[in-house]
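Remarks on the overall topology
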Amino acid sequence: MADQAPSLAVEAVLKRSSSLPEGTPQVKGYDFNQGVDHRALLQSYLTTGFQATSFGRAVQEINSMIEKRLEPLEQTEEPSAPPDLSQQHHSGCTIFLGYTSNLISSGVRESIRYLAQHNMVDVLVSTAGGVEEDLIKCLAPTFLGEFSLPGRELRGRGINRIGNLLVPNNNYCLFEDWLMPILDQMLLEQKTEGTLWTPSKMIHRLGKEINNPESVYYWAYKNNIPVFSPALTDGSLGDMMYLHSYKNPGLVLDIVEDIRKLNSHAVFARRTGMVILGGGLIKHHICNANFMRNGADFAVFVNTGQEFDGSDSGARPDEAVSWGKIRADATPVKVYADAALVFPLLVAETFARHADALTAQNKKD
């Protein structure tokens, strides 16, 4: 017996496997012996494992949205949208894009601007910072710094830190100089013309006034892409509206009209897809709009949130399925990653890859 391993150990170590289902993908990464082919590298992510595989599945999910978006609706299929949505993009899939303010502060802004410029998405949802930081960048730049820069020293110098980005406070002074006359004019139109302002109407107006092709909201204005931001007062825009309320009081923004419009974009769509970068308000606002249609058909979440604390920000897509915010037969994907790393690559493998077809569709419309 001394020359035989214990049977218990043998059975534990050499336990026989059952067969995996036929067609189960095998793990295989990119072979750099083939040279440097960036598209092939990104395509190999699908079989690399971990979050690389999630990235590959996100590419497939967004491409499915685009494929359906490119399908024209037959006249009999077109939903009977109310008059206030008469300009809605009638296609096989309405794509909602949501993103947090830090992504506009970062260079991801240029990827988002590309999508708005070429009319590749149908609805935008962001926070106040996600609006104002885009406009402020048209007035003055944001700079790269370090995460470790001491806050007390920066405050003394009038420098604001967003992660490893630096925004001189002078930028917000320039923003005030630019914004206040617009708020005066909006209030005048409210009083003399009966204009009923909403956050989306205000963002549309600001996109017109900035008149700068580097701006996301300039292109949203040009292409009539609605931008919803129910917490538009939660940032520098709110600071300026607060100060303006003392100088020239009376401006009113109606959030009820906007929630009806946002929900209607979901309710009257043939299909819907959600691409949501980050969590918090923007994530739930888009998901809740899709709740009104018993769930989105496609969904991609990109964030670093975890679900153990029960927050919506970190919730996996399956939790949204339980609420009816994503359809039960959908194949949603969550990529656990910094969107600054992932989203430009996602755009490269999806929207940019289909740019000719998407822009040709826009010309037909």
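Now for a description of the structure that goes with this document. (Residues numbered from 1 in each chain as written. Predicted model: local features only at pLDDT ≥ 70, side-chain atom pairs only at ≥ 80, totals over all residues. Heavy atoms only, no water.)

1. As for the overall build of the chain
Counting secondary structure elements, the chain contains 16 helices and 9 strands. For the chain, the spread of C-alpha atoms along the principal axes amounts to about 100 × 65 × 45 Å. For the chain, the residues scored as buried account for 46% of the 365 residues in total. Residue pairs at least 24 apart in sequence account for 75% of intrachain contacts in the chain once pairs closer than 6 positions are excluded. Element-wise, carbon and sulfur atoms account for 53% of the exposed surface of the chain, whose accessible area totals about 19,100 Å². (Helix = DSSP H or I, 4+ residues; strand = E, 2+ residues; numbered from the N terminus. Buried < 20%, exposed > 50% of the residue type's maximum accessible area, 1.4 Å probe, protein only. Contact = heavy atoms within 4.5 Å. Areas by Shrake-Rupley, 256 points an atom, 1.4 Å probe, with all protein chains shown as cover.)

2. Observations regarding the side chain of Glu-132
Tracing the backbone shows Glu-132 in helix α6 (residues 128-137). Leaving out residues up to four positions away in the same chain, Glu-132 has contacts with Phe-175, Gly-235, Ser-236 and Leu-237.

3. Considering unusual backbone geometry
Unlike most non-glycine residues, Phe-50 shows phi in positive territory, near 55 degrees. Following the sequence through the fold, Phe-50 ends up in helix α3 (residues 50-69). Here Asn-119, not a glycine, exhibits a phi torsion of approximately 55 degrees, which is positive. Structurally, the position occupied by Asn-119 is in the loop between α5 (108-117) and β2 (123-126). The exposure class assigned to Asn-119 is buried, which follows from its relative accessible area of 19%.

4. Overview of the packing of aromatic side chains
Within the structure shown, the criterion is met by 5 aromatic pairs. Relative to Phe-32, the ring of Tyr-30 has its centre 4.8 Å away and its plane inclined at 85 degrees; by these criteria the two rings are edge-to-face. Assessed through its relative accessible area of 54%, Phe-32 is described here as exposed. Centroid distance Tyr-242 to Tyr-246: 5.3 Å. Interplanar angle 85 degrees. Geometry classified as edge-to-face. Pair noted here: Tyr-242 and Tyr-246 are both in helix α11 (residues 236-247), with a separation of 4 residues, about one helical turn. Against the face of Trp-323 rests Lys-325, its NZ or CZ located 4.8 Å from the ring centre. (Phe/Tyr/Trp six-rings, centres within 6.5 Å; stacked < 30°, edge-to-face > 60°. Lys NZ or Arg CZ within 6 Å of the ring centre and 35° of its normal.)

5. Remarks on the pairing of strand β1 (residues 94-99)
With respect to burial, β1 is a largely interior element, 6 of its 6 residues being buried. Covered by surrounding structure in β1 are Thr-94, Phe-96 and Gly-98 together with Ile-95, Leu-97 and Tyr-99, the residues of both alternating faces. Here β1 pairs with strand β7 (residues 272-277) via 6 bridges, running parallel. Looking at β7, one finds that Phe-96 is bridged to Met-274. Taken together, the 4 bridges between β1 and β2 define a ladder with parallel strand orientation. (Pairing = 2+ DSSP bridges.)

6. Observations regarding the state of the cysteines
All chains considered together, the criterion is met by 0 disulfides. Considering cysteine sulfurs only, Cys-287 is the nearest to Cys-93, which forms no disulfide, with 14 Å between them. Using a relative accessible area of 0% as the deciding quantity, one classes Cys-93 as buried. (Disulfide = S-S within 2.5 Å.)

7. Quick notes on a nonpolar patch on the surface
A surface patch of nonpolar side chains, amounting to about 290 Å² of accessible area, comprises Val-10, Val-13 and Leu-14. Here Val-13 is to be found in helix α1 (residues 7-13). Judged by its relative accessible area of 68%, Val-13 is exposed. (Patch = residues over 30% accessible without salt bridge, like charges linked within 9 Å, V, L, I, M, F, W, Y side chains within 5 Å. Salt bridge = Lys/Arg side-chain N within 4 Å of Asp/Glu carboxyl O.)

8. Topic: the pairing of strand β5 (residues 165-168)
Residues of β5 alternate between two faces, with Leu-165 and Val-167 on one and Leu-166 and Pro-168 on the opposite face, all of them buried. Pairing analysis gives 2 bridges linking strand β3 (residues 143-144) to β5, with the strands arranged antiparallel. Bridged to Leu-144 within β5 is Leu-165. Taking the residues between adjacent antiparallel strands as the criterion, strand β4 (residues 159-162) and β5 are bridged by 2 residues, where Gly-163 takes a positive phi near 65 degrees.

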